[in-house]
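Coordinates in review
So the chains spell out like this:
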Amino acid sequence: MGVKLSQQAKKVFERLKDAKTLKFEDLKQEGHDQSMIARAAKELEEKELAEIKKEEEIAYNLTDKGHAVMREGSPEYRLVVILEDGPKQFSEINIPADVAVGKAKQEGWIEINNGEISLTSEGQMVKEDELAQQLKDRNFGSDHVERGLVERITEATRSLKLLRKGEQVKVENIEEEFNVEADAEPEDIGKKHFYRQVMSQAKNVWLEMGFQEMQGDYIVPSFTCFDSLFIAQDHPARDLHDTFFVEEPEASNLEEFGNLVDTIEAVHENGGETGSKGWKYDWSREEAARNVLRTHTTDTSVQKLIELDEEDLPSKQFIISRAFRNETVDRTHLADFDQAEGIVVGKDLNFAHLKGYLTEFFEKMGYNEFRLIPTYYPYTEMSVEIQVWDEGENEWLGMGGSGLFRPEVVEPLLGFEATVLAWGLGIGRIGMRAAELDDIRDLYSNDKEKIYGTQLWSPQR
Ligand code: PHE
């Protein structure tokens, strides 16, 4: 007669063939895993080779009081020992007398006359502490339970008993069966990094809102990164402390920007034709040509504005990409980070439109409450800082800057009348919240456990 068994059930069955009955506990002692035993036993039962028997066993456990009797002797016996050399007054007995006297009296070992205790003839025959001995022999009874020396506990023991069919089946006739439903070890399959997920989500949100993705370089001239944004050449943000200047190639050829270079020079020096008064200083072409690692993705917006023609309007553009600043790296700062930048170029646009775009973006990213706080950027008027309410942290989080580009920026770059709404957001913040990180460096680490352990990100979470 052939039977199919899983490998584990086969192992247990082989043991059971010899033993006829086997306690689960014994199998455990032999090194089998508890859940494996249970599964194997169930399988043997289903195949009618064995049956599982469950028995309640009563067992006794010594209490603290029981241990004390074993150590020091029973109170009644100790009293007998004390009285061996003659009667004693209560006050002369140096053990707790109540239990000792009560028990010894009950046994008929002592008598009390005028406050004096003495052994009876029966008491004089007691030469052995029977109670302590019983406890030592683990010869427990209900009187011990009543005296609180031991307590009764019930233990469920399960065992496996070989059935007739099991006796007939030979081990050689067993085919091994594979359990195709068993859980397998998880595979190290590819999974999108949680930060990538957040960035894809952000990108999809802009695309859904009808934005087009811009492309831009990391190495750019100061001209587009700063000068075209009406950032004066002595502005502290351009200083070595914030900006990584590029040694090779050290400078860009500004000729590719044609007349724009002269226009920007005029804007800085006297406002040019923008109606502004400019910054009133000698603008340096060499300084503008110096290459930098873009300190913000606003550089890409500038390059896009240079490219745009009036027929392209309205135009909605975004980029989610890297920017670089010479920061001391710590829990909240990195020298390179990601920004979600965007511009909307059109006629008849105002601050309410800007607010609308930002509201929609943040709502879709899972932030329902946000506010705009007045701030300053040299290239926007008005300028606001975007803050979102973080429910987890119970605080307002700064998410980046925004505003309407100033005429000093828009007029030279576009060369025609239009309004430009602009923003630059720190996408890392959103990523950190999504993955519940408190160190920004973890966003860029490839810790496998963290990657596998972080759920697929969803703004609804
Ligand atoms: N470039 C700014 C920053 O990096 C953000 C910003 C972009 C502000 C566009 C206003 C307009 O913080």
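Below you will find a few notes about this structure.

Rules used in this analysis
- Residues numbered from 1 in each chain as written.
- Predicted model: local features only at pLDDT ≥ 70, side-chain atom pairs only at ≥ 80, totals over all residues.
- Heavy atoms only, no water.
- Near = heavy atom within 4 Å.
- Polar contact = N/O pair within 3.5 Å; in protein donor to acceptor, adjacent residues only side chain to side chain.
- Areas by Shrake-Rupley, 256 points an atom, 1.4 Å probe, with all protein chains shown as cover.
- Helix = DSSP H or I, 4+ residues; strand = E, 2+ residues; numbered from the N terminus.
- Nonpolar A, V, L, I, M, F, W, Y, C, P; charged D, E, K, R; others polar.
- Core = buried A, V, L, I, M, F, W, Y, C linked by side-chain atoms within 4.5 Å.
- Buried < 20%, exposed > 50% of the residue type's maximum accessible area, 1.4 Å probe, protein only.
- Contact = heavy atoms within 4.5 Å.
- Phe/Tyr/Trp six-rings, centres within 6.5 Å; stacked < 30°, edge-to-face > 60°.
- Lys NZ or Arg CZ within 6 Å of the ring centre and 35° of its normal.
- Salt bridge = Lys/Arg side-chain N within 4 Å of Asp/Glu carboxyl O.
- Pairing = 2+ DSSP bridges.

1. Focus: the site of the ligand
Residues in close proximity to the ligand total 13 residues, the closest being His296, Thr298, Arg325, Gln339 and Tyr379. Side-chain polar atom of histidine 296 to a nitrogen atom of the ligand: 3.0 Å apart, as the coordinates give it. Tyrosine 379 has a polar side-chain atom sitting 2.9 Å from a nitrogen atom of the ligand. Relative to its unbound accessible area of 330 Å², the ligand is 93% covered by the protein chains. Considering each element in turn, the shell around the ligand owes the most residues, 3 residues, to strand β17 (residues 419-426). Across the shell around the ligand, the residue classes tally to 4 nonpolar, 7 polar and 2 charged.

2. Side note on the nonpolar core
Membership of the largest hydrophobic core comes to 42 residues, with the highest contact counts inside it found for Trp206, Phe361, Phe362, Trp423 and Ile430. When residues in this core are grouped by element, the largest group, 7 residues, is from helix α11 (residues 194-208). Setting aside residues no more than four positions away along its own chain, phenylalanine 361 makes contact with Ala202, Val205, Trp206, Met209, Leu425 and Ile430.

3. Considerations on the packing of aromatic side chains
A full pass over the atoms with the stated rule returns 18 aromatic pairs. Note on tryptophan 206 and phenylalanine 361: the rings are 4.3 Å apart at their centroids and 5° apart in plane angle, and the pair reads as stacked. Of this pair, tryptophan 206 sits in helix α11 while phenylalanine 361 is found in helix α16 (residues 351-364), placing the two residues 155 residues apart along the sequence. Accessibility expressed as a relative area gives 0% for phenylalanine 361, which makes it buried. Pairing tryptophan 389 with tryptophan 396 gives two aromatic rings, centres 5.2 Å apart and planes at 65°, and the pair type is edge-to-face. Within the aromatic cluster, the residues linked to one another by ring pairs are Trp206, Phe211, Tyr357, Phe361, Phe362, Tyr367, Phe370 and Trp423. Geometry around phenylalanine 245 places arginine 290 over its ring, the cationic atom sitting 3.9 Å from the centre. Over the face of the ring belonging to tyrosine 367 we find arginine 433, whose NZ or CZ atom lies 4.1 Å from the ring centre.

4. Brief notes about the pattern of salt bridges
Counted by the stated rule, this structure contains 22 salt bridges. Linking glutamate 208 and lysine 364 is a salt bridge whose minimum nitrogen-to-oxygen distance equals 3.2 Å. Pair noted here: glutamate 208 is in helix α11 and lysine 364 is in helix α16, with a separation of 156 residues, a long-range link. The class for glutamate 208 is exposed, based on a relative accessible area of 57%. With its nearest N and O atoms 3.0 Å apart, the salt bridge here joins arginine 441 to aspartate 439. For arginine 441, a relative accessible area of 37% corresponds to the partly exposed category. Judged by relative accessible area, which is 15%, aspartate 439 ranks as buried. Salt bridges sharing partners connect three or more residues here, namely Lys10, Glu14 and Glu176.

5. Digging into the pairing of strand β5 (residues 110-113)
As paired elements, β5 and strand β6 (residues 116-119) share 4 bridges and run antiparallel to each other. Its bridge partner being in β6, asparagine 113 is matched across the sheet by glutamate 116.

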